[in-house]
Amino acid sequence: MQGYSQVRIALYFFFAGLVLILARPLLPEFLIRVPEAAVLPYDIWLDGLFNFIKDDLGLIHLTRGISSLLEVFLDMTGNLLHGKRRWPFLGPIPWTAIVAVFAVLGYWLGGWKMALLAAGTLIWTALIGQWKIAMQTLAVLSVAAPVAFMVGLSLGVLAWKSARFNQAIAPILSVLQTLPFFTYLLPAVIFFKVGPTAGAVATIVYAIPPMILMTTLGLKKVSPEIIEAGKMSGCTGWQMLSKVYIPAARTEILVGVNQVIMLCLAMVVLTAFIGMPGLGAKLLAMMGSFKLGRSFEIGVTIVLFAVMLDRMSKAWVVKQPEHFERGTPWYMRHIYLILGLVSFAGFIVIAEIVQIADHISRTQSLSKGKEIDTIIKDFLDIDAVQAVTGWLRWFLNVWILIPFRNALLWIPTPAFVLLIVAFAYWLGGKRPAIYAGVFFSIVALTGWWDRSVITLYAVISAVIISMFIGIPLGIAAARSEKWSKRILLACDTAQTFPSFIYLIPAIMLFGVNDVAVVFSIIIFTTVPLTRYTVEGLRTVPAEILEAADMAGATSWQKLTNVQLPLALPTMAVGFNQAIMFAFFMVIIAAFIGTQDLGQELQRTLAGTELGKNFVLGINVSLMALSFDLVVMSWAKKRKQILGLEG
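Residues numbered from 1 in each chain as written. Predicted model: local features only at pLDDT ≥ 70, side-chain atom pairs only at ≥ 80, totals over all residues. Heavy atoms only, no water.

Q: When you look at a positive patch on the surface in this model, what are you seeing that I'm missing?
A: On the surface, Lys-282, Lys-291, Arg-362 and Lys-370 cluster together into a patch of positive charge. Position of Arg-362 relative to the elements: it lies in the loop between α16 (355–358) and α17 (369–380). (Patch = residues over 30% accessible without salt bridge, like charges linked within 9 Å, V, L, I, M, F, W, Y side chains within 5 Å. Areas by Shrake-Rupley, 256 points an atom, 1.4 Å probe, with all protein chains shown as cover. Salt bridge = Lys/Arg side-chain N within 4 Å of Asp/Glu carboxyl O. Lys, Arg positive; Asp, Glu negative; His and termini not counted. Charge placed at Lys NZ, Arg CZ, Asp CG, Glu CD. Helix = DSSP H or I, 4+ residues; strand = E, 2+ residues; numbered from the N terminus.)

See below:
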């Protein structure tokens, strides 16, 4: 009965929106778009607030002090890794010595395969002539990741200790996780100066939320028996935290570390927009000059670094602490540390004698950027390839994307909000519908409605097309254990790729237009849809499948009436991730050339319009949060219906 009432109310909202759409020719202008006089000057208010905090309260002096401290650490890592002329004046460390240390670390974490991955990634980087720019990226990453870890761990402990603090920080974390990355960049530039320091700060802030969430989750899951044992041992409060709680929450905390490392790598690449040197800056320059061969090589390097750091940090999560019998010699307990130090020292000595072991000059580089450029151009010049990409570009633009965009822009703003509320009420219920209505109304009152709708059009288009690719692929893969593992491995690997990488094939195939934008989002969003379809179908109990077989169900009936309904709560996580990824990627795609919020956000980086930057970012965040609340509310209800959650 409740479900019927919910559908009925959703239909009321839907038909109210439909009436407004049909009546558009008769509507006054103020019911089609919010009049300029009614648009609230959020950006001016925020600019005033930021200037008051920055100048009148003197926050700029504090941030510049933090900036100077960060700069010391960045100079140290920069000096050691790529030879920046700063204290301790010891760098750059020979590339072979760093390869040796990473190989030993990889072997300690995951055996010879991990050692091969670590050493192979760094050897590729050196031989391809990208060592210096890779070390510029790693120099910032090696400062940003530990700082994000320490701040996130501390705030996570505080959120676990204080329910009030946890309640206060929860909505802030939700907004931070949905804010587009451009919104992090301008405040970092204004408060922390252009270059590596601002890049490091933006990276740290961007990577902190998952560390807080995973720390809080891990500490809450510590079993009462472990807590009781610690209290009975007479532990003080600090000892309980450091010797009992944190070790017991080790797995969740290390998962947080993995997420911090991956987000830091993704953000360090993206901070190229504010003058951060390294792999991201080089990739941005090569893509801007349409040197796709060199872009491809740098893209491979970024992907290899992402996979290496992801695999190594995940191996650290599952690796159990080693215990030795009393009396075991010191060198036996620290054999890998000794091996690493000896290898490091040995290659330092070799590098003094053999030049190529110290650095690889441009003439010694094995880069084939020009040759790859030629291959790509020759491939794209093939008549069949041009025919396929040309037809796809024409078909998607003329028959799907442009008509869909124009249709959304034609809808009067109140009708659009009512349709969103109807959708949210039908799928998620009362609370998500209220939030969606409020959030989209705020977006309308910012004066950026049309740009927001264009952003939404790209997201919806990409996610719908991704569904037609990812879900069938996941269903096909789930039929075989062997193919399930292969597809999940491919998805895991693809999810480690920094988002910039997905622009390369889009630009190669479709040039610079709406199709390239949507195509880059599709590649990014198909991964979670495929992954969670496979995982959802694999979690269906075998007994239920046997019962369906005994009832004489065909394969199609078993899939549509048994497997998919039971897998939908898990698949909902994939839908949610796909939508969040799409909102993230559509902002990245502003580099290709769009007319949405991403383009406006990118323009703010050239000035000091912090209020406008924040308003644009909040618009993206509010739309993303609306869908997040709806999908997760629906997933929760499905679980309750299926008896999977109380």
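Q: Looking at this structure, how should I read the domain arrangement of the chain?
A: Interfaces are often sized by the amount of accessible area the parts lose when they come together. In terms of domains, the chain is made up of domain 1 (61–81 + 143–279), domain 2 (93–127 + 289–322 + 329–370) and domain 3 (449–642). Taking only C-alpha atoms into account, the centre of domain 1 sits 26 Å from that of domain 3. Across the boundary between the two partners, domain 1 contributes 19 residues, which contact 27 residues of domain 3. When domain 1 packs against domain 3, the two sides together hide about 1900 Å² of surface, and 85% of this comes from carbon and sulfur. At the boundary of domain 1 with domain 3, the tally comes to zero salt bridges. Linking domain 1 with domain 3 are two residue pairs in polar contact (both at pLDDT 80 or more). Going through the elements one at a time, α6 (163–178), α7 (182–192) and α11 (250–270) are the ones with two or more residues in the side of domain 1 that touches domain 3. Residues that form the side of domain 1 that touches domain 3 fall into these classes: 16 nonpolar, three polar and no charged. (Domains from an automatic or database assignment. Contact = heavy atoms within 4.5 Å. Buried area = accessible area lost by both parts, 1.4 Å probe. Polar contact = N/O pair within 3.5 Å; in protein donor to acceptor, adjacent residues only side chain to side chain. Nonpolar A, V, L, I, M, F, W, Y, C, P; charged D, E, K, R; others polar.)

Q: Where do I start with the side chain of Thr-121 in this structure?
A: The topology assignment puts Thr-121 in helix α4 (residues 95–127). Within polar-contact distance, the side chain of Thr-121 engages the backbone oxygen of Leu-117 at 2.8 Å. In this view, Thr-121 contacts Leu-304, Phe-305 and Met-308; residues no more than four positions away in its chain are not counted.

Q: Please clarify how empty space enclosed by the protein should be interpreted in this entry.
A: Unoccupied space between atoms shows up once a probe the size of one water molecule is rolled over them. Scanning the entire structure with this criterion turns up one cavity of 30 Å³ or more. Taken together, Ile-420, Phe-423, Ala-424, Ala-436, Phe-440, Ser-626, Phe-627 and Val-630 make up the full set of residues lining the largest cavity. When contributions to the lining of the largest cavity are tallied by element, the ones reaching two or more residues are α19 (413–427), α20 (430–445) and α28 (610–641). Partitioned by chemical class, the residues of the lining of the largest cavity number seven nonpolar, one polar and no charged. (1 Å grid on protein atoms, 1.4 Å probe; cavity = no way out; pocket = protein on both sides within 12 Å on 5 of 7 lines; lining within 4 Å. Points joined across faces, edges and corners; volume = space filled by probe spheres on them.)

Q: Would you explain a nonpolar patch on the surface in this entry?
A: Residues Val-7, Leu-11, Phe-14, Phe-15, Leu-18, Leu-22, Phe-423 and Trp-426 make up a contiguous nonpolar surface patch of about 750 Å² in total accessible area. Tallying contributions element by element places helix α1 (residues 2–22) first for the nonpolar patch, with six residues.

Q: Can you walk me through the pattern of salt bridges in this structure?
A: Oppositely charged side chains are able to pair whenever their charged atoms sit close together. What the rule picks out here adds up to 14 salt bridges. The salt bridge partner of Arg-531 is Asp-492, with a shortest N-O separation of 2.0 Å. Of this pair, Arg-531 sits in helix α24 (residues 514–538) while Asp-492 sits in helix α22 (residues 481–495), placing them 39 residues apart in sequence. The class of Asp-492 is partly exposed, set by a relative accessible area of 22%. Between Glu-600 and Arg-603 there is a salt bridge, with the nearest N and O atoms lying 2.8 Å from each other. You can see Glu-600 and its partner Arg-603 sitting in helix α27 (residues 597–604), three residues apart, about one turn around the helix. Residue Glu-600 is classed as buried on the basis of its relative accessible area of 5%. Overall, Arg-603 belongs to the partly exposed group, its relative accessible area being 47%. Through salt bridges with shared partners, one network takes in Arg-451, Glu-600, Arg-603 and Lys-612. (Buried < 20%, exposed > 50% of the residue type's maximum accessible area, 1.4 Å probe, protein only.)

Q: Explain α27 to me, please; I cannot follow it from the model alone.
A: Each α-helix winds once per 3.6 residues, and so residues spaced three or four apart point in a common direction. Most of α27 sits out of view: six of its eight residues are buried. Looking at the buried residues of α27, the elements they touch are α7, α21 (449–478), α26 (555–588) and α28. Capping the start of α27, Asp-596 holds a side-chain oxygen 3.2 Å from the backbone nitrogen of Gly-598, two or three residues further along.

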